[in-house]
Amino acid sequence: MSQSRNLPSTILIIGSGVFGLGTAYALAQRLEYRNTKITLLDRLDFPAQDASSIDSSRIVRPDYPDAAYSKLASQARKYWRREWGADGRYTESGLCLLLDETDQNNGRDYMDKSLENVRDKLGLKVGRREEGGKITVLNDLNDIREVIKGMDGDLGRCGYVNWTSGWAQAEDAMKYLRTLVEETGRVEFQRAELKQLLFKNGDSVEGAELTSGEKVTADLTVLATGAWTPKFLDLRGIASASGQILTYLDLTQEEQDRLGSNPSILNESNGMFIIQPSNRVLKVARHGYGYANPTTIPHPERPESGEKITVSLPRTKTDDPNVNVPPEGGKACRDFLARYLPDLADRPFTHTRICWYTDTPNSDWLIDYHPKYKGLFVTTGGSGHAYKFLPIIGDRIVDVLSGKDRNQFGAELRKKWQWPKQKFRQDHVWTDDWRGGRKGMILDEELTRAKL
């Protein structure tokens, strides 16, 4: 719950991604904060091209084995279907979840529980789409090929399609949210890079020190810096940055026409996915354990002590324009294409990118006041699944910030997102949640394989 009954007169939000910008929008609309000065700070001009929320597409789905996220995604989807999804920002083309003959990543359990939630908890009708079904169960390869057109490869052995799922044009929707925030006239935007938080007396935070040397003070500081958060706060054993592979290739118009009506595909056995192609671009990626990038830095909470810690931090094209997905990641995408779309297996990637998650042990987000530092509220740990909640996540964050549970569901969410009572079994968090790929990969080691 909130650390103080007194409303802050100044709030500094650091980071303008899904959590940060969403928080700013929700605060700007709450009457109780009408006299609070809100400042939003980010290190790059908006939209920051290395942010995880800035991309061509993100899947929007209520297909979760966790009923709480399934319910929350269903609530967000109502907004995607209206003004948030207008002007091409949302396409409800369906999501096909598939399972291979060999399943080594608990994909069966994830898929079965997700199907149970959308069918029993959300009440989606099972049946053929042309007969009004919202969920189509796929019992064999023939069933899969009835809903996935123009792909003649080995698509899997079973699965289901949720026709109420879709995908968002990620960057465009972030720009839409930014416009909404600007229109409130309540938020002051500042481009500046955070050097460190302003710790006081070892038990509070009173703002931020910038790389320019300027100090920005605030009654409440909201740290919403995504995968960069471990640079500013000791989150060892709580949350870690992991790099995920994204690849893109151009299609001909004939290929776009052939594949463009398919639902997006998520393979539960290996984490690979293909989002419905748009504008003659096909995106192939993996929801995986990712790459760690161990970096030794001064202890962020006591930089003057000389103490050093090692944490995983993002390395993006903003840092090095030549950073692309390692050979392991490129091969994973090529192998996936060879299975699903053999005629595209050797098509050159137009570009690739490493997208940085902030992973927690169980993929629950971390949205809570810091247990040690007064005046510091932390919102991070998106774990690669926060974007779909963009229209409503800010309100949920501000509920927690304000110490108000609007209902029993709100209380349940607050409990899920609270500061963990125990740390992970090691400093770097390799999530125990369902993922694809190999656990334990180090970015530099995988990049070195390219040189070899």
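Whatever comes next refers back to the structure up there.
Read on for an overview of the structure.

About the thresholds
Residues numbered from 1 in each chain as written. Predicted model: local features only at pLDDT ≥ 70, side-chain atom pairs only at ≥ 80, totals over all residues. Heavy atoms only, no water. Helix = DSSP H or I, 4+ residues; strand = E, 2+ residues; numbered from the N terminus. Rg over C-alpha atoms; globule rule 2.2 N^0.38 Å. Buried < 20%, exposed > 50% of the residue type's maximum accessible area, 1.4 Å probe, protein only. Contact = heavy atoms within 4.5 Å. Lys, Arg positive; Asp, Glu negative; His and termini not counted. Charge placed at Lys NZ, Arg CZ, Asp CG, Glu CD. Salt bridge = Lys/Arg side-chain N within 4 Å of Asp/Glu carboxyl O. Expected span 1.5 Å × (residues − 1). Core = buried A, V, L, I, M, F, W, Y, C linked by side-chain atoms within 4.5 Å. Axes fitted to C-alpha atoms, helices over the stretch in contact; angles between N-to-C directions. Parallel < 35°, antiparallel > 145°, perpendicular 65-115°, else oblique. Left-handed = near helix turned anticlockwise from the far one by under 90°. Nonpolar A, V, L, I, M, F, W, Y, C, P; charged D, E, K, R; others polar. Phe/Tyr/Trp six-rings, centres within 6.5 Å; stacked < 30°, edge-to-face > 60°. Lys NZ or Arg CZ within 6 Å of the ring centre and 35° of its normal.

Moving on, we come to the overall build of the protein chain. Across its full length, the protein chain carries ten helices and 24 strands. A compact globule built from 452 residues would reach a C-alpha radius of gyration of about 22 Å, and the protein chain, at 22 Å, matches this within 12%. Overall, the C-alpha framework of the protein chain stretches about 65 × 55 × 40 Å when taken along its three principal axes. For the protein chain, the residues scored as buried account for 59% of the 452 residues in total. Considering only intrachain contacts with a sequence separation of at least 6, the fraction spanning at least 24 residues in the protein chain is 75%. For the protein chain, the separation between the mean place of its 63 positive charges and that of its 63 negative charges on side chains is 4 Å.

Let us look at the side chain of Ser 114. Assignment of secondary structure puts Ser 114 in helix H3 (residues 107–121). Sequence-distant contacts of Ser 114, defined by excluding residues within four places in its chain, comprise Asp 63, Tyr 64, Pro 65 and Tyr 160.

If you walk through the whole model with that rule in mind, you get 40 salt bridges. Among the ionic pairs, Arg 414 bridges to Asp 405, the shortest N-O distance being 2.7 Å. Several salt bridges converge on common partners, so that one network encompasses Arg 30, Glu 32, Asp 395, Asp 399, Lys 404 and Arg 406.

Let's shift gears to helix H1 (residues 18–29). At 3.6 residues per turn, the α-helix brings residues three or four places apart onto the same side. Helix length check: H1, at twelve residues, gives a terminal C-alpha distance of 17 Å against a target of 16 Å (1.5 Å per residue), a fit within 8%. Of all twelve residues that make up H1, eleven are buried, and the element is covered over most of its length. By the burial criterion, the buried members of H1 are Val 18, Phe 19, Gly 20, Leu 21, Gly 22, Thr 23, Ala 24, Tyr 25, Ala 26, Leu 27 and Ala 28. Buried residues along H1 sit against strand S1 (10–14), strand S2 (37–42), helix H5 (170–184), strand S9 (187–191), strand S23 (376–380) and helix H8 (390–402).

Counting 76 residues, the largest nonpolar core has Trp 80, Trp 365, Phe 377, Tyr 387, Leu 390 and Trp 417 as the members making the most contacts within it. Among the elements that line this core, the one with the most residues is H1, at eight residues. When neighbours within four sequence positions are excluded, Trp 80 is seen to be in contact with Val 60, Gly 85, Arg 89, Tyr 90, Ala 168, Ala 173, Tyr 387, Lys 388, Leu 390 and Pro 391.

Excluding glycine, most residues fall at negative phi; most peptide bonds, likewise, are trans. With an omega of 0°, the peptide bond between Phe 46 and Pro 47 qualifies as cis. Position of Pro 47 relative to the elements: it lies in the loop between S2 and strand S3 (58–60). In the Ramachandran plot, Arg 280 falls in the positive-phi region, its phi being about 65° despite a non-glycine side chain. Here Arg 280 is to be found in the loop between strand S16 (272–278) and strand S17 (281–286). Although it is not a glycine, Ser 363 adopts a positive phi angle of roughly 70°. As for its placement among the helices and strands, Ser 363 is situated in the loop between strand S21 (351–359) and strand S22 (366–369). Its relative accessible area of 4% is what places Ser 363 among the buried residues.

Our focus in this paragraph is the packing of helix H2 (residues 67–80) against helix H9 (residues 408–416). Two elements in contact, H2 and H9, have axes separated by 11 Å at closest approach and are oriented at 120°. Considering their axes alone, H2 and H9 lie oblique with respect to each other. When you trace H2 past H9, the crossing you get is left-handed. Contacts from Ala 68, Tyr 69, Lys 71, Leu 72 and Gln 75 in H2 reach Phe 409, Glu 412, Leu 413 and Lys 416 in H9. When grouped by side-chain class, the residues that make up the contact of H2 with H9 number five nonpolar, one polar and three charged.

As a further point, take the packing of aromatic side chains. Considering all chains together, one arrives at 15 aromatic pairs under this definition. Through a chain of ring-to-ring contacts, three or more aromatic side chains come together here, namely Phe 19, Tyr 64, Tyr 69, Trp 365, Phe 389 and Trp 417. The lysine or arginine in question, Arg 178, covers the ring of Phe 189, its NZ or CZ lying 3.7 Å from the ring centre.

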